[in-house]
Amino acid sequence: MKQLLIIISVLSVVFMGFEYRALSSAKTGFFIPLPENWFDQTQLSVKDNLSNFDLSEEEIDKLLQSHKGSIPVVIYMKYDPQEFVGPIPTIQVNLRPNRSSSFGQFKEIMKTSMGQMASYFENYKLLRPLEEINVDGVKGITFLAQFDLPNEKGDPWTIRSWTYAFPNGKYFYQINFSDTENEKSEDVYHQVIQHVKFKK
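Residues numbered from 1 in each chain as written. Predicted model: local features only at pLDDT ≥ 70, side-chain atom pairs only at ≥ 80, totals over all residues. Heavy atoms only, no water.

**Considering the nonpolar core**
Across soluble globular proteins, you tend to see nonpolar side chains buried next to one another.
Stage number 1. Judged by nonpolar contacts, the single largest core of 26 residues is most densely connected at Ile32, Ile175 and Phe177.
Stage number 2. Mapped by element, the contributors of at least two residues to this core are strand E4 (71-77), strand E5 (90-97), strand E7 (138-149), strand E8 (157-168), strand E9 (171-180) and helix H5 (186-194).
Stage number 3. Counting residues in each nonpolar core, the second largest holds 16 residues, with Phe106, Met117, Tyr124 and Phe147 among its members. (Core = buried A, V, L, I, M, F, W, Y, C linked by side-chain atoms within 4.5 Å. Buried < 20%, exposed > 50% of the residue type's maximum accessible area, 1.4 Å probe, protein only. Helix = DSSP H or I, 4+ residues; strand = E, 2+ residues; numbered from the N terminus.)

Shown next as structure tokens:
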């Protein structure tokens, strides 16, 4: 399980329940549903900070610095990580700095990041190429990748990872959904992404 969280963190670097209305002073905000019977593993201290409607851009930047450029807004897991051995289907949302000046430039930066992923993961494959997507009236990008995660007890686990990224001013939200062949969660993820909301 820890290995999978590390992989999700690397993915973040390389590019039905609770509302997280984050960073309203920066004209951003975000809501993603917690699937039924899943576990909310979001850090409470981060969640409390992000619920503060009076955060200045300077305070947001300090949060980003203290989290190495990626604030974990949401972490949902299908199983309790204290009771489950192996990769767990996971939904993770990070807030990251947006260094682009246009959507076209943002898209090109994400393409470059995708190209670097093969050097990080074993048997990395792009199952669905990068394409544009519109969620709740906000334009973003998405792609689907697959790679192997080493397993000390035998054959490696094959991980599928859906990545979505939505620029919003100085920042962007990156959403990662992951699962395995034995724990397919694609139907859940399809429902979740349809209910994502951005504060306009």
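**A closer look at the sheet that holds E7**
Stage number 1. Strand order in this open sheet of seven strands is E3-E4-E5-E9-E8-E7-E6, and the pairing throughout is antiparallel. Unpaired on one side and paired on the other, strand E3 (39-40) and strand E6 (122-135) mark the two borders of the sheet.
Stage number 2. As defined by bridge partners, E6 adjoins E7 across nine bridges and the pair is classed as antiparallel. Across the sheet, Ile133 pairs through a bridge with Gly140, a residue of E7. (Pairing = 2+ DSSP bridges.)

**Here's the deal with the environment of Val196**
Stage number 1. By the secondary structure assignment, Val196 is in the loop between H5 and strand E10 (197-198).
Stage number 2. Counting along the chain gives 61 residues from Val196 to Val135, while the straight-line C-alpha distance between them is 7.1 Å.

**Side note on the environment of Met110**
Stage number 1. Note that Met110 resides in helix H4 (residues 103-116).
Stage number 2. When the C-alpha positions of Met110 and Leu130 are compared, they lie 8.6 Å apart, and in sequence the two are 20 residues distant.

**Here we look at the packing of aromatic side chains**
Stage number 1. According to the stated counting rule, one finds 12 aromatic pairs in the structure shown.
Stage number 2. On the basis of an interplanar angle of 55° and a centroid distance of 6.1 Å, the ring pair of Tyr173 and Phe198 is categorised as tilted. Taken together, the residues span a long stretch of sequence, with Tyr173 in strand E9 and Phe198 in strand E10 at a distance of 25 residues. Of the two residues, Tyr173 and Phe198, both sit in the buried class.
Stage number 3. Taken together, Trp38, Trp162, Tyr164, Phe177 and Tyr189 form an aromatic cluster joined through their ring pairs.
Stage number 4. Just above the ring of Phe103 sits the side chain of Lys139; from NZ or CZ to the centre is 4.5 Å. (Phe/Tyr/Trp six-rings, centres within 6.5 Å; stacked < 30°, edge-to-face > 60°. Lys NZ or Arg CZ within 6 Å of the ring centre and 35° of its normal.)

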